[in-house]
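# Descriptive structure summary
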Amino acid sequence: MTAPLRQGESIVVQVALAERSYGIVIGRGLLASLGDRIRALRPGARVAVVTDETVARHHLPACEAALKSAAVEASSIVVPEGEGSKSYTGFERVCEAIIAARIERGDLVIALGGGVIGDLAGFAAASVRRGVDFVQVPTTLLAQVDSSVGGKTGINSRHGKNLIGAFHQPVMVLADTALLDTLPRRQFAAGYAEVAKYGLLGDAAFFSWLEANWQDVFSGGPAREHAIAVCCRAKAAIVARDERETGERALLNLGHTFGHALEAGAGFSDRLLHGEAVALGMALAFEFSARKGLTAAADAERVRAHLAAAGLPTQMTDIPGGAPGPDELMDLIAQDKKVKRGTLTFILVRGIGQAFIANDVDPGEVRAFLADKLAQR
Ligand SMILES: NC(=O)c1ccc[n+]([C@@H]2O[C@H](COP(=O)([O-])OP(=O)(O)OC[C@H]3O[C@@H](n4cnc5c(N)ncnc54)[C@H](O)[C@@H]3O)[C@@H](O)[C@H]2O)c1
Ligand SMILES: [Zn+2]
């Protein structure tokens, strides 16, 4: 880890994937350079900007101005905000609009938004004309540290989230940290859970740094760029080694097995945002690991205290309206995870920064743990 960079400098993180390699550019105020960067990357290309209504209100005019100043021919496609747009209807709308905007091979789709827009626009780009290139301009913290990097794109099925999709890597990611200034604090905190995740899964020094600097990350000081760069470097390294999640990439799911079950139990509603569920899921993964004697109880408490300080839920009682019962949670975990020969796969920890893939977790032990947690009122 290096000292935080001075304000105004941009940081470039490379995602090394042979001919599909690309750079993630991170810095405050970068949106203004979007047009010039597109021109340099793809001279003469026309672009279609896909965004949602809320992001359009805050940031589309500046995005359009940046493209116009570099004489990049652009059209905009605005969809309703929220997970509902990651649907067949949303997908159809965006694909048809990209075609109507005469985006051809060699042109670019730009995803200007959070994870919903990145997943939707990325999947549309992967599909139209059997694949056009796209650029990610992530506008949520979650998207800047997680969803815009790594090439997973897709929409939801009635059978579950993200069940229809493709691996389609962007050709550039432009993370303007100033765009996060308009993000509601609750959404910022939810994204922060994924930031803390990188420390917890593989970088204890980064977690300690976050404990000391998290307020500066929230308030938009130089610590924000540094934290985002550390996360992107970690994700880029993991993705470069395991693009299609046959192994190590699964470590990024720390907190996500418990988290997804709780998120599903809350009906994927505003009661529990994804990052909030992940925060609670990570607290549970540490506690469960401590209970199995894999990590110290003090580590689990340290993790819980930090996430709680950042305003994230860390106890079952923190879920508005309450958590589902242990049997319902176990059903949800079984739906999310393939149960192989009676055992579950979990990401567990041997300490802060030491996550590992455990393939042999006994469902009975998980149920007993959850029942105890739910009984604590
Ligand atoms: N592809 C991946 O690897 C990956 C990884 C993690 C999550 N995801 C997906 O990401 C999605 C969640 O992403 P998200 O949390 O960014 O949600 P989101 O895209 O719905 O954004 C959250 C909310 O913030 C608003 N918003 C976005 N940027 C804003 C800004 N700068 N100022 C003010 N408001 C802003 C949006 O309009 C929305 O209401 C889920 O669909 C999830 O499945 C994908
Ligand atoms: Zn996540």
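Look up a bit, the structure's there.
In what follows, the accompanying structure is described. (Residues numbered from 1 in each chain as written. Chains lettered and ligands numbered in written order. Predicted model: local features only at pLDDT ≥ 70, side-chain atom pairs only at ≥ 80, totals over all residues. Heavy atoms only, no water.)

This brings us to the state of the cysteines. Within this structure, the stated rule accounts for zero disulfides. The thiol of C95 is not disulfide-bonded; the next cysteine sulfur, from C63, is found 20 Å away. Residue C95 is classed as buried on the basis of its relative accessible area of 10%. Of the cysteine sulfurs around C231, a residue in no disulfide, the closest is that of C232, at 6.8 Å. C231 sits in the buried class, given a relative accessible area of 0%. (Disulfide = S-S within 2.5 Å. Buried < 20%, exposed > 50% of the residue type's maximum accessible area, 1.4 Å probe, protein only.)

Under the defined criterion, the tally for this structure stands at 21 salt bridges. Note that D146 is salt-bridged to K197, the shortest N-O span being 3.8 Å. With D146 in helix 5 (residues 141-147) and K197 in helix 6 (residues 185-202), this residue pair connects regions lying 51 residues apart in the sequence. In this pair, the class of D146 matches that of K197, namely buried. The partner of E245 in a salt bridge is K152, with the nearest N and O atoms 2.7 Å apart. Taken together, the residues E245 in the loop between helix 8 (222-241) and helix 9 (256-265) and K152 in strand 7 (residues 152-157) connect sequence positions 93 residues apart. Residue K152 is classed as partly exposed on the basis of its relative accessible area of 39%. Each of E83, K86, D119 and K161 takes part in salt bridges that share partners, so that together they form one network. (Salt bridge = Lys/Arg side-chain N within 4 Å of Asp/Glu carboxyl O. Helix = DSSP H or I, 4+ residues; strand = E, 2+ residues; numbered from the N terminus.)

Take helix 6 next. Its 18 residues place the ends of helix 6 26 Å apart at the C-alpha level, agreeing with the 26 Å of an ideal helix rising 1.5 Å per residue. Of all 18 residues making up helix 6, 14 are buried, and the element is well covered by its neighbours. (Expected span 1.5 Å × (residues − 1).)

Turning our eyes to something else, we now look at the coordination of the zinc ion (ligand 2). For a metal with four tetrahedral donors the ideal donor-metal-donor angle is 109.5 degrees, while six octahedral donors give ideal angles of 90 or 180 degrees. Looking at the zinc ion (ligand 2), one finds its protein donor set to be E194 (OE), H256 (NE2) and H274 (NE2), positioned 2.0 to 2.1 Å from the metal centre. Along the chain, the residues donating to the zinc ion (ligand 2) fall in the pattern E-x61-H-x17-H. Of this pair, H256 sits in helix 9 while H274 sits in helix 10 (residues 274-291), and the two are 18 residues apart along the sequence. Look at H256 and you get buried, because its relative accessible area is 6%. By relative accessible area, H274 is classed as partly exposed at 22%. (Donors = N, O, S within 2.8 Å, 3.2 Å for Na, K, Ca; no water.)

Of all hydrophobic cores here, the largest spans 59 residues; its most connected members are I26, Y192, V195 and F206. The element best represented in this core is helix 8, accounting for ten residues. Not counting residues up to four positions away in its chain, the partners in contact with Y192 are L141, L210, W214, V217, F218, H306, A310 and L312. Core analysis: the second largest hydrophobic core is formed by 25 residues, A266, I319, L332 and F356 among them. (Core = buried A, V, L, I, M, F, W, Y, C linked by side-chain atoms within 4.5 Å. Contact = heavy atoms within 4.5 Å.)

This part takes up helix 10. Under the 1.5 Å per step criterion, the end-to-end length of helix 10 is 25 Å for 18 residues, consistent within 8% with the ideal 26 Å. When you tally the buried positions in helix 10, you get 15 out of 18 residues, the bulk of the element. Remark: G293 follows helix 10 within two positions and exhibits a positive phi of approximately 80 degrees.

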